[in-house]
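Listed below are the residues making up each chain.
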Amino acid sequence: MTDLTVNISRCRLCADRFAATHTAHEPRPVVWFKPSARLLIAGQAPGMRVHKSGKPFDDPSGDRLRDWLGLSPSEFYDKSRVAVVPMAFCFPGYDAKGSDLPPPRICGTTWHDQVMQTLDKVELTVLVGGYAHKYHMGVKTGVTDTVRAWESHAPRLFPLPHPSWRNTGWLKKNPWFEENLLPKLRAQVQRVIHG
Ligand code: SF4
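Since the model is a prediction, treat every value here as computed from it, not as a measurement.

Moving on, we get to the side chain of Thr5. Mapped onto the secondary structure, Thr5 falls in helix H1 (residues 3-9). Within polar-contact distance, the side chain of Thr5 engages the backbone nitrogen of Thr2 at 2.9 Å.

Let us now look at the packing of aromatic side chains. A complete count under the given rule lists 9 aromatic pairs for this structure. With 5.6 Å between their ring centres and 75° between their planes, Trp32 and Tyr77 make a pair best called edge-to-face. Of this pair, Trp32 sits in the loop between helix H2 (15-19) and strand S1 (39-43) while Tyr77 is found in the loop between helix H5 (73-76) and strand S2 (82-86), placing the two residues 45 residues apart along the sequence. Since its relative accessible area comes to 12%, Trp32 is described here as buried.

As annotated in UniProt, the feature "domain: Uracil-DNA glycosylase-like" (unreviewed entry) corresponds to residues 30-186 in the numbering used here. Span residues 30-186 is 41% helix and 12% strand, its end C-alpha atoms 25 Å apart.

Bringing the site of the ligand into the picture now. All residues in the neighbourhood of the ligand are listed as Cys11, Leu13, Cys14, Pro27, Pro29, Phe89, Cys90 and Cys107. Classifying every residue of the shell around the ligand gives 8 nonpolar, no polar and no charged.

With that settled, consider the sheet that holds strand S3 (residues 124-128). Taken together, the 4 strands give an open sheet; going across it, the order is S2-S1-S3-S4, and neighbouring strands pair in parallel fashion. The open sheet has two free edges, formed respectively by S2 and strand S4 (157-160), since each of these has just one partner strand. Neighbour-to-neighbour, the strand axes of this sheet turn through a mean angle of 15°, independent of strand direction. Note that S1 and S2 share 5 bridges and pair parallel. Each residue of the ladder has a partner; that of Ile41, found in S2, is Val84.

Judged by how many residues are buried, S1 sits mostly within the fold: 5 of 5 residues are covered. Neither face of S1 is exposed, since Leu39, Ile41 and Gly43 on one face and Leu40 and Ala42 on the opposite face are all buried. In the sheet, S1 pairs with S3 via 4 bridges, with the strands oriented parallel. When the sheet's bridge partners are listed, Ile41 is paired in S3 with Val126.

Another point: unusual backbone geometry. Note that the residue after Ala154, namely Pro155, is joined by a cis bond; omega there is 10°. Locating Pro155 in the fold gives a position in the loop between helix H8 (143-148) and S4. At Ala24, a position not held by glycine, the phi torsion is positive, near 45°. Examined against the element boundaries, Ala24 turns out to sit in the loop between H2 and S1.

Reading the values: rules and limits
Residues numbered from 1 in each chain as written. Predicted model: local features only at pLDDT ≥ 70, side-chain atom pairs only at ≥ 80, totals over all residues. Heavy atoms only, no water. Helix = DSSP H or I, 4+ residues; strand = E, 2+ residues; numbered from the N terminus. Polar contact = N/O pair within 3.5 Å; in protein donor to acceptor, adjacent residues only side chain to side chain. Phe/Tyr/Trp six-rings, centres within 6.5 Å; stacked < 30°, edge-to-face > 60°. Buried < 20%, exposed > 50% of the residue type's maximum accessible area, 1.4 Å probe, protein only. UniProt positions renumbered as here; feature names shortened; annotations may be inferred. Near = heavy atom within 4 Å. Nonpolar A, V, L, I, M, F, W, Y, C, P; charged D, E, K, R; others polar. Pairing = 2+ DSSP bridges. Axes fitted to C-alpha atoms, helices over the stretch in contact; angles between N-to-C directions.

Shown next as structure tokens:
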């Protein structure tokens, strides 16, 4: 591990915030990157299942994301090629409706610039969900408009919706995503991973 990954792994900045949530959990940063990575998955924050396993996208959302990318689990979890860097490294807890709370802003302001500086081999960035769109692209548009404009950013950047089951209806309403965007994304992933 590098000094940076060790420091993030030991981070406790949100301990009080997490202790005050319904789950009263402790910080468990899920740190998953190496400087050699050429594909960056920029996501939102770990869910409860990932909080327990310590492995990013180790859940049904991850299965769907790997399908979108055309990657096997062994390819996806090869840190030397694929970095997974969410807007917050820890599970933020649940809101009153049982949805995940937003990623704590302090995580991005504390760690993100340092992480991005180490990832200087990245050739393709996949932005998963609205928080990542706003942070990395600086957009103010909603997820649908941002993803619909994917051709303006490809081939180095692909904005995606979150692969959660909650977005299954979105996928049905927006068939262009699977018909047009995903084939281009999979081809670019293969080029970057194996090129
Ligand atoms: S979410 Fe980020 S800032 Fe908060 S404790 Fe985890 S690593 Fe630290």
